[in-house]
Amino acid sequence: MKREPLFNIPPVIVAILAVLALVHAMRVYLLSEQRDIEFLLTFAFIPARYDTSIVLGGVLPGGFGAQLWTFVTYSLIHADWTHFGVNAVWLLPFGSAVARRFGPLRFVAFFAVTAAAGAALHLATHAGEQAPVIGASAAISGTMAAAMRFAFQRGGPLGFWRQNDEAAYRVPAIPLAGVLRDPRVLAFVVVWFGINILFGLGSLPLTGSDQVVAWQAHIGGFLAGLLLFSWFDPAPDLRQFDDSGATRH
């Protein structure tokens, strides 16, 4: 009898979660309040950093380098352990599925690109704001979108006719043009966007708190994950297959 591991989590996902936890633990247990503020000013994403019309008088450290690295480093920082826990819960299923298909190096690159896309859309919609943006939600939203490109396919992880575990993550992806023709994927996209719009309107507080949710960053990460999926898919030779006409169960 074949034994399956109780927790079949790709090592790259474990490593990312460990980094996120270590970063937050360092802020909570090692840094003073002043040092933590300096840390956030250096590594969080702050739209005002890119507004030349605002005279900041050297308030934001990091110089030109921070204008580049904060597009990604903000995703490694969380507001509190609850914020980290919520993101970890979503990263485990969706990130694991995408990591199994992409492999560790491609997945890390994908994580960084979708995080940057989320920051870019937030910048476009919040130009000049000084409030820092932190959290891995944009990159996790990207993994959700990427998973939708193959998870519902015939033989895929969420498909009715599932193959063995390895084959389930290697099924041909649904072509981008077919995304909105598949009722399963379309339903997921509609629900996902609806929830994020409610977050943005303040109708759904995050984890019961009054923290402001950077929902535009979520959308930026999601769109990047959906549109740029083929850039990172390690199996371009696999024929993309539109399964939207398959029998529903």
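All figures in this text were calculated on a predicted structure; none of them were measured in a lab.

The rules behind the values
Residues numbered from 1 in each chain as written. Predicted model: local features only at pLDDT ≥ 70, side-chain atom pairs only at ≥ 80, totals over all residues. Heavy atoms only, no water. Axes fitted to C-alpha atoms, helices over the stretch in contact; angles between N-to-C directions. Helix = DSSP H or I, 4+ residues; strand = E, 2+ residues; numbered from the N terminus. Parallel < 35°, antiparallel > 145°, perpendicular 65-115°, else oblique. Left-handed = near helix turned anticlockwise from the far one by under 90°. Contact = heavy atoms within 4.5 Å. Nonpolar A, V, L, I, M, F, W, Y, C, P; charged D, E, K, R; others polar. Phe/Tyr/Trp six-rings, centres within 6.5 Å; stacked < 30°, edge-to-face > 60°. Buried < 20%, exposed > 50% of the residue type's maximum accessible area, 1.4 Å probe, protein only. Lys NZ or Arg CZ within 6 Å of the ring centre and 35° of its normal. Expected span 1.5 Å × (residues − 1). pLDDT = per-residue confidence, 0-100.

**A few points about the packing of helix α4 (residues 81-102) against helix α6 (residues 137-148)**
Item 1. Their axes nearest at 9 Å, the elements α4 and α6 cross at an angle of 30°. With respect to their mutual orientation, α4 and α6 come out roughly parallel. Between α4 and α6 the crossing geometry is left-handed. Here α4 contributes His83, Asn87, Trp90, Leu91, Phe94, Gly95 and Val98 to the contact with α6, which in turn contributes Ser137, Ile140, Thr143, Met144, Ala146, Ala147 and Met148.
Item 2. Of the residues that constitute the contact of α4 with α6, the class distribution is 9 nonpolar, 5 polar and no charged.

**Examining the packing of aromatic side chains**
Item 1. Applying the stated rule across the entire model yields 18 aromatic pairs.
Item 2. Between Phe102 and Phe110 the ring centres are 5.3 Å apart and the planes differ by 75°, which places this aromatic pair in the edge-to-face class. Each member of the pair Phe102 and Phe110 is classed as buried.
Item 3. The side chain of Arg101 reaches across the aromatic face of Phe150, ending 4.9 Å from its centre.

**A look at helix α9 (residues 215-227)**
Item 1. With 13 residues, α9 should cover 18 Å at 1.5 Å per step; its first-to-last C-alpha distance of 18 Å lies within 8% of that length.
Item 2. In terms of residue burial, α9 counts as a mostly covered element, since 10 of its 13 residues are buried.
Item 3. Of all the residues in α9, the buried ones are Gln216, Ala217, His218, Ile219, Gly220, Gly221, Phe222, Ala224, Gly225 and Leu226.

**Overview of the side chain of Asn87**
Item 1. Inspection of the secondary structure assignment puts Asn87 in helix α4.
Item 2. On the basis of relative accessibility, which here comes to 6%, the residue Asn87 falls in the buried class.
Item 3. Among residues more than four places away in sequence, those in contact with Asn87 are His78, Gly135, Ala136, Ser137 and Ile140.

**Considerations on the confidence of the model for the protein chain**
Item 1. Taken as a whole, the protein chain shows an average pLDDT of 82; of its residues, 78% reach a score of 70 or greater.
Item 2. Ranking the elements of the protein chain by mean pLDDT puts helix α7 (residues 165-168) last, at 72, and helix α1 (residues 11-29) first, at 97.
Item 3. In the predicted structure, residues 1-6 sits below a pLDDT of 50 and forms 1 contact with residues beyond four places in sequence or in another chain.
Item 4. Predicted confidence for residues 203-209 stays below pLDDT 50, and this span has 11 contacts to residues more than four positions away or in other chains.

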